[in-house]
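Read off the chains here:
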Amino acid sequence: MKIYIVFILIFLSFSTFLYGQNNGFMGKKNFISADIRVYAPIIYGLSTSDANSEYNKTEGPNFAPKSNLLDYGFNLTIGRAASRNFGLMLQISSSRYDFAVTDNQYSLDASNFFNTGDYYQVLKINWLKAKVTTVMPIIEFTGNSGLLPLGLSHQIGLGFSTNKLLKDDYNVLIADAYGQQFIQKENLYDYSSKGFKSYVFMYKINLRIPINDYLLFNLGFRYNVNYYPKVFQGLNSSSETKYLIENINLRDYMRSKEFRNVLSLETGLSFCF
Amino acid sequence: MSDLIQSESFINRCDELKKIVDDEKTDKKLDKAEREKIKKKENKTDISNFILVDPAAVSHKKGKVDYNVSEELTEKFNESFKVASEKLNLKMQTVGKGNLADLGTAGFNEKSLFTTLLIQISNNDKLDIFPVDYSYLEKVTEDFGTNKLVFSIIEHSYKVEFSSTAFALIVFPPMLLGYLPLPFILGNRTEINLIVLDISNSKITSGASYNFREPVSKKGIQARLYDILSNINTKK
């Protein structure tokens, strides 16, 4: 072992730091990545009073509990290592999540939907499902010794998202002014309507480990901050509405879920060429 | 005195020193990027045919050398050199660990000779040295068909270090949750050092010091060596 110590000292005295031209991964600088994204809505679950509660699933006429342990998504990314330690990427991602319509009494007034002159109140709604599609340009950078697309890197992205409610067999429990309760399943939402826009800022620490001469295994932790600009939608208090969920300010509930989606795990494969 | 001033050897030496002074003046005028560019150019050498001398690997665990893992890492390192040089069409001949059984006593002597030369150079790096066994070196150079020796060593360690200040994030648990995976990802530290020694003038002509933080794997080492050898080699 002594000879190794001697060698190390010799190497350190003679070696110059070599960060020359960018050879990429075995000469390949472009890559396409496909990753799955998984996140556990722990913070949302803890901070939402109705999370994991009876609002989630309908069993016959009753609303039965069901937990929301994981949300997931899929990313497709194309990128190029512009230099040894700087790269550019464009990412299209799609993910889905469940969210609760919680106990905001004002939002849950359904009188306009029935338009009979009587008061109707939404008592319970199943958890709703939403799909978010994001387009995001990303910059990727490493320290001095980087060799993109290989190895440990940092990514920062600012993207644009569209959140849409997914079609499903939702149940809404409604009570009229006389205390009669019934389940409404029809005309809940206009699924052809435009989604809600939001902006996403993302930081990710990512590791790419080579599998063979073309494929890299990706593993990363992604931190998100979502911003939903204000929109005037829902809370239509003066006129008849065609769909029941139009009366509910979906944007706030979606924002509430996405805002708590801070950390997610992403893993997948990159093909280099 | 006038004889001395007019002598060819004196004039040549004067020119050499003048050039060094001029180069230093020019070097001071250059910005960092230009200096690096020149340095990279100077760091290049022809290694289309080279002798890899006893590539070494050391793996540390809990502050001590892990001999079993070091042995496995040496094999990976040897194999990676072969693959990287093949991909770059470089002719590589190995002397040292892994093939001494095949090369026998002659191989052991060659390895010792090269190692001694390196140590001799390291002890006298500012002087022109006269190699210990000059004639034998000449013969070995002819046998191998090259005068370029490559010495390289890889060191790896894995240590998970939690920052004590980061635990202040306990006041905001989501941030602490976000911090927790980072020490595990950043725990790997690998360093590859490589030098190219030219036997013909007993000088170290190129070198590379290179570190990375992904888990050490055969393909990962291959990619890094591909990059190092590609950057050093002048002939593409």
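Above this text is the structure in question.
Presented here is an overview of the structure given in this document. These numbers come from a predicted model, not from an experiment.

Points about the overall build of chain B
- Summing up its helical and strand segments, chain B has nine helices and six strands in all.
- Within chain B, the proportion of its 236 residues that are buried is 31%.
- When contacts within chain B are restricted to residue pairs at least 6 apart in sequence, long-range pairs at least 24 apart make up 67% of them.

Observations regarding the pairing of strand S4 (residues 71-83) of chain A
All names here are of chain A.
- Across ten bridges, strand S1 (residues 30-39) lies against S4 in antiparallel orientation. Directly across from Val 38, in S4, lies its bridge partner Tyr 72.
- As defined by bridge partners, S4 adjoins strand S5 (residues 86-99) across eleven bridges and the pair is classed as antiparallel. By the bridge assignment for S5, Tyr 72 is matched with Arg 96.
- Linking S4 back to S5 in an antiparallel pair, the connection comprises two residues.

Overview of the packing of helix H4 (residues 67-87) of chain B against helix H9 (residues 218-232) of chain B
Residue and element names in this part refer to chain B.
- Between H4 and H9, whose axes approach to 8 Å, the crossing angle comes to 50°. In terms of orientation, H4 lies oblique with respect to H9. Taken as a pair, H4 and H9 cross one another with a handedness that is right-handed. Between H4, through Lys 76, Phe 77, Glu 79, Ser 80, Phe 81, Val 83, Ala 84, Ser 85 and Lys 87, and H9, the contact on the second element is made entirely by Lys 218, Ile 221, Gln 222, Leu 225, Tyr 226 and Leu 229.

Details of H9 of chain B
- An ideal rise of 1.5 Å per residue puts 21 Å on 15 residues; H9 of chain B measures up with 21 Å between its terminal C-alpha atoms.
- With respect to burial, H9 of chain B is a largely interior element, 13 of its 15 residues being buried.

Topic: the sheet that holds strand S10 (residues 181-184) of chain A
All names here are of chain A.
- Taken together, three strands build an open sheet; the order of strands is S6-S9-S10 and the sheet is antiparallel. Across the chains shown, the open sheet's two edge strands, defined by having one partner strand only, are strand S6 (120-125) and S10. This sheet shows a mean twist of 35° between the axes of neighbouring strands, independent of strand direction.

Here we look at the sheet that holds S5 of chain A
All names here are of chain A.
- Around the barrel, eight strands lie side by side as S1-S4-S5-S7-S8-S11-S12-S13; this closed barrel has antiparallel pairing. Here the strands of the sheet are splayed against their neighbours by 25° on average, with no regard to which way each runs.
- Here 13 bridges tie strand S8 (residues 151-165) to strand S11 (residues 196-210), and the two strands are oriented antiparallel to one another. Counted as the bridge partner of Gln 155 is Lys 204 from S11.

Some words on H4 of chain B
Residues and elements named next belong to chain B.
- Between the first and last C-alpha of H4 there are 30 Å, a value that for 21 residues agrees with the 30 Å anticipated at 1.5 Å per step.
- Regarding H4, the residues found buried are Ser 70, Leu 73, Thr 74, Phe 77, Asn 78, Ser 80, Phe 81, Ala 84 and Ser 85. For H4, the angular spread of buried residues about the axis comes to 165°, placing them on one side. Projecting away from the buried face of H4 at angles above 90 degrees are the exposed residues Asn 68, Glu 71 and Glu 86.
- Of the surrounding elements, those touching the buried residues of H4 are strand S1 (49-61), strand S2 (64-65), strand S3 (91-95), strand S4 (148-158) and H9.
- Of the residues trailing H4, Asn 89 is marked for its positive phi of about 55°.

Brief notes about the nonpolar core
- In terms of nonpolar packing, the biggest core is built from 49 residues, with Val 53, Leu 149, Val 150, Leu 197, Ile 228 and Leu 229 of chain B touching the most fellow members.
- The set of elements that each furnish at least two residues to this core consists of S1, H4, helix H5 (100-123), S4, strand S5 (188-198), strand S6 (203-212) and H9 of chain B.
- By size, the runner-up hydrophobic cluster in this structure holds 25 residues, among which are Tyr 120, Val 122, Leu 244 and Ile 245 of chain A.

Each value, and the rule that gives it
- Each chain has its residues counted from 1, following the order in which its sequence is written.
- Labels are handed out in written order, letters beginning with A for the chains and numbers beginning with 1 for the ligands.
- For a predicted model such as this one, the threshold for reporting local features is a pLDDT of at least 70, and the threshold for listing and counting side-chain atom pairs is 80 or more; totals across whole chains, interfaces and linings nevertheless cover every residue.
- Helix and strand assignments come from DSSP, with helices taken as H or I runs of at least 4 residues and strands as E runs of at least 2, each series counted from the N terminus.
- Burial is judged by counting the other C-beta atoms within 10 Å of a residue's own C-beta: 20 or more makes it buried, 12 or fewer makes it exposed, and any count in between marks it as partly exposed, with every C-beta position built from the backbone.
- Here the contact rule is simple: place C-beta atoms from the backbone, and any two residues whose C-beta atoms are within 7 Å are in contact.
- Any two strands with at least two DSSP bridges between them are considered paired.
- Helix axes are fitted to C-alpha atoms over the stretch in contact, other axes to C-alpha atoms as well, and angles between N-to-C directions run from 0 to 180 degrees.
- Angular relationships are summarised with four words: roughly parallel below 35 degrees, roughly antiparallel beyond 145, roughly perpendicular across 65 to 115, and oblique for the angles in between.
- For a crossing to be left-handed, the near helix must be turned anticlockwise from the far one by less than a right angle; the clockwise case is right-handed.
- A helix is expected to span 1.5 Å for every residue after the first.
- By construction, the arc corresponds to the directions joining the helix axis to the C-beta atoms.
- A set of buried Ala, Val, Leu, Ile, Met, Phe, Trp, Tyr and Cys residues, joined to one another through C-beta atoms within 7 Å, is what we call a nonpolar core.

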